Each structure stands twice: as C-alpha cells, then as structure tokens.
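Architecture at a glance
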Amino acid sequence: MISLLKCQVETEVTFLDYITGGTQVNFTVAIDFTASNGAPQQPNSLHHIGHNRQNAYEQAILAVGQIVQDYDTDKLFPVLGFGAKIPPDGRVSHEFAVNFNEQNPFCAGIGGIMGAYKNSLSHIQLHGPTNFSPVINHVARFAEAYPDGSNYFILLIITDGVISDMDFTKSAIVNASSLPLSIIIIGVGPAEFDAMEVLDGDKQMLSYRGKSAERDIVQFVPLRDFVGGIGSSTNVMLSQARLAKEVLAEVPYQFLSWMKKHGIKPNPAPPPQQQPAQQGYPGQQPAQQGYPMDPGGSYPGQQSAPPYPSQGTQPTAPSAPPGY
C-alpha cells in the first residue's frame, strides 16, 4: 500500500513567460577585425564586401540577429570591434564602437548593424591580436548591475581565429557565469577552433585556477558546419536558419537556469490595453533607447539606473599578452 503524504503542484515557467512579464533581452555584437581575416579589398577576405553575396560575418550577424531582435524591445544594439587600429590615432583597440561613437554605440536594427560594420571597414586597419576578454568584461559590467532579473544579456562574438588571451578569457567567462549573461561564439573561416570547445562547457564545466563556472554560458558553433563557403549559392536562408537554431538552442535553458538559481519568477503578463490611435504598427509601444545603463553614467537619451555594485575579488590572471 502506498500512502501519499504530500502533494505539491508547481507551474513550469518558460522563457516566454519572462519576456511577456517584462524581462528585457539586450543583444550585443562583437566583431573580430584582426589581420588574419585578410585584407577586405581581397575577394578571399572574410571581411570582403561583395555586391551579390554576403561575407561570413554578414551571414552570422543576420542568422542570429534576425531571431534575437524579436526579443529586444528597442531594437538598438551595441556593436563592438576588437583587434584593429582605429582612428584618429591608429591605436590598437580590443573594445571599440563600430560606429565610432563611444558614447552611443547603438545601431538601429539589423540593418543598422550591417551598415555600421560595412562603413567601419574603410576607416580601420586590421591588426591583432585576438583578445576576447575586453568585450566579455564590457557586457558583464552591464549584466552585473541587474541581479533582479529585469534584464538579460546576450553577447555574440564572431571570430576567425585562435584566442590570444585565453587565460584572461577563461577568467572573464568564469566570473560572468554568475551573471544574467549568455555568450554565443561563431567561428568563421577555415581555422581550427579546438580551443573554442574548451570554453563551451557542454562536456566539462569551464574552470580557471581552481574556480569553476557556476553554469555553462557559452555556445560555440563553426559557421562552416551550417553555411557553405564564401560565394556558395546553396540555400542561404535555410543554412542561416539551421545556424540560428543551433547557436540559440541553449540560450533559453541558460536564461531559465539563471532565473531559477536566483529564485526569480516571471512577472504576470500585463493585461491588454486599448491604445489611442498612433502612427506605426498597431499596439506598438514607444521604444526605450539602448542598454539599461552605462557604468560611467547613462548614455545620451537614456534613463538613469543604479550604479554597478562593487566587484568582488577575481582570480589573478597572468600578465596581459602583447597588444592588450
């Protein structure tokens, strides 16, 4: 005989429950402008802008961005570059605004991202090395300010080569694993990406100097597994859909695991309200502008937000690699 002593029914919440309850998804793109991509003027360059075809970076931006943008209410996306010499003084930077406006690095929609990316190629000099940690830490600083679940951050890094600051990158990811942040890395070109698999904690949780990541926040995918080579006429839209499905497959789970770990439940969905007639799509709400906040104060046009809490002690990293 079986005696039932206690029965408890729990509602299984979903990613969309949080979105409809008001959680904001913030999407950032980071682009590799190192010299190993090849001179943009050359047709075989990964950064070559052709008239009749998309290059590898354009394919990756479109594949992921067209999906993620539907969950970002304002459709304003910061776009960062790394590994290039930038104007006006030709210094090497691993964390610069691709639109060259450091106070307002946001691009309007996927079209704005593509426009800023294409325009930047005529103003920078591809250089190196390939350092990931500055852009990871950049987004982590924003994520750290929102422990209440009101905002979640997705960083897309598109790169062609081996990471130069692997120890710094491991440290940055381990520290960021406690934050509302997911990192998608898409590898483009023919390089071997074995080291990238280490960052993707599917097989073994990433650790650095004895400190393990709290959760797996990285998804790595080589573009060549889903999209044909440069100039391929294979069904591009289908290939991009397969790529998007693969790279975004883990994000809802990562999102939910963070919310559950911190005991954050979705807010009730607001009741439908009658809106007065206005220009634009029916029911469209006024968009907020850009990221929730900037560590040095709000970007122009943004509402103020609480300052970052003090950062805790982080694992000691080795000396920075040359060019960092």
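Residues numbered from 1 in each chain as written. Predicted model: local features only at pLDDT ≥ 70, side-chain atom pairs only at ≥ 80, totals over all residues. Heavy atoms only, no water.

As a further point, take the environment of K203. One can find K203 in the loop between α6 (194-199) and β10 (207-208). K203 sits in the exposed class, given a relative accessible area of 85%. Spatially, the C-alpha atom of K203 lies 9.9 Å from that of D216, the residues being 13 residues apart in sequence. (Helix = DSSP H or I, 4+ residues; strand = E, 2+ residues; numbered from the N terminus. Buried < 20%, exposed > 50% of the residue type's maximum accessible area, 1.4 Å probe, protein only.)

Right, let's get into a negative patch on the surface. A contiguous patch of negative charge on the surface is contributed by E192, D194, E197 and D202. Within the secondary structure, D202 is located in the loop between α6 and β10. (Patch = residues over 30% accessible without salt bridge, like charges linked within 9 Å, V, L, I, M, F, W, Y side chains within 5 Å. Areas by Shrake-Rupley, 256 points an atom, 1.4 Å probe, with all protein chains shown as cover. Salt bridge = Lys/Arg side-chain N within 4 Å of Asp/Glu carboxyl O. Lys, Arg positive; Asp, Glu negative; His and termini not counted. Charge placed at Lys NZ, Arg CZ, Asp CG, Glu CD.)

A few words on helix α8 (residues 251-261). Turning to α8, its buried residues number three or more, namely V251, Q254, F255, W258 and M259. The buried residues of α8 occupy an angular sector of 130 degrees when the element is viewed end-on, so they sit on one face. Of the exposed residues in α8, the ones pointing more than 90 degrees away from its buried face are Y253, K260 and K261. A positive backbone phi angle near 65 degrees is found at G263, which sits one or two residues after α8. (Arc of directions from axis to C-beta.)

This part is about the nonpolar core. Grouped together as the largest cluster of nonpolar side chains are 51 residues, with contacts concentrated most on V29, F33, V64, I184 and I186. Looking at this core element by element, the count peaks at eight residues for helix α2 (residues 56-68). Setting aside residues no more than four positions away along its own chain, V29 makes contact with I61, P78, V79, L80, I113, L156 and I158. The next biggest cluster of nonpolar side chains, apart from the first, holds 34 residues, and it includes F142, M166, A176 and L206. (Core = buried A, V, L, I, M, F, W, Y, C linked by side-chain atoms within 4.5 Å. Contact = heavy atoms within 4.5 Å.)

Consecutive side chains along a regular strand alternate between the two faces of the sheet. Among the five residues of strand β12 (residues 218-222), five are classified as buried, and the element is accordingly described as predominantly covered. Alternating residues of β12 divide into V218, F220 and P222 and Q219 and V221, and every residue in both groups is buried. Examined bridge by bridge, strand β9 (residues 181-187) and β12 share five bridges and lie parallel to one another. Bridged to G187 within β12 is P222. (Pairing = 2+ DSSP bridges.)

Here we come to unusual backbone geometry. Most peptide bonds take the trans configuration, and most residues that are not glycine carry a negative phi. With omega at 5 degrees, the peptide bond leading from P87 into P88 counts as cis. A cis amide bond, omega 0 degrees, links G128 with the succeeding residue P129. Among the structural elements, P129 can be located in the loop between β7 (125-126) and α4 (133-144). One non-glycine residue, K75, adopts positive backbone phi at about 60 degrees. Here K75 lies in the loop between α2 and β2 (76-82). The backbone of R209 sits at a positive phi, close to 50 degrees, despite the residue not being glycine. Among the structural elements, R209 can be located in the loop between β10 and β11 (211-212). A relative accessible area of 54% means that R209 is categorised as exposed.

It is worth spelling out the packing of aromatic side chains at this point. Counted by the stated rule, this structure contains eleven aromatic pairs. Relative to F255, the ring of Y18 lies with its centre 5.3 Å away and its plane at 75 degrees, an arrangement referred to as edge-to-face. Separated by 237 residues along the polypeptide, Y18 in helix α1 (residues 15-20) and F255 in helix α8 bring together distant segments of the chain. Across the pair, F255 and Y18 agree in class, each one buried. Relative to F100, the ring of F96 has its centre 6.4 Å away and its plane inclined at 10 degrees; by these criteria the two rings are stacked. (Phe/Tyr/Trp six-rings, centres within 6.5 Å; stacked < 30°, edge-to-face > 60°.)

Turning next to the pairing of strand β1 (residues 24-32). Buried residues dominate β1, accounting for eight of its nine residues. With α2 bridging β1 and the parallel β2, this β-α-β connection has right-handed handedness. (Right-handed = clockwise from strand over helix to strand, strands pointing away.)

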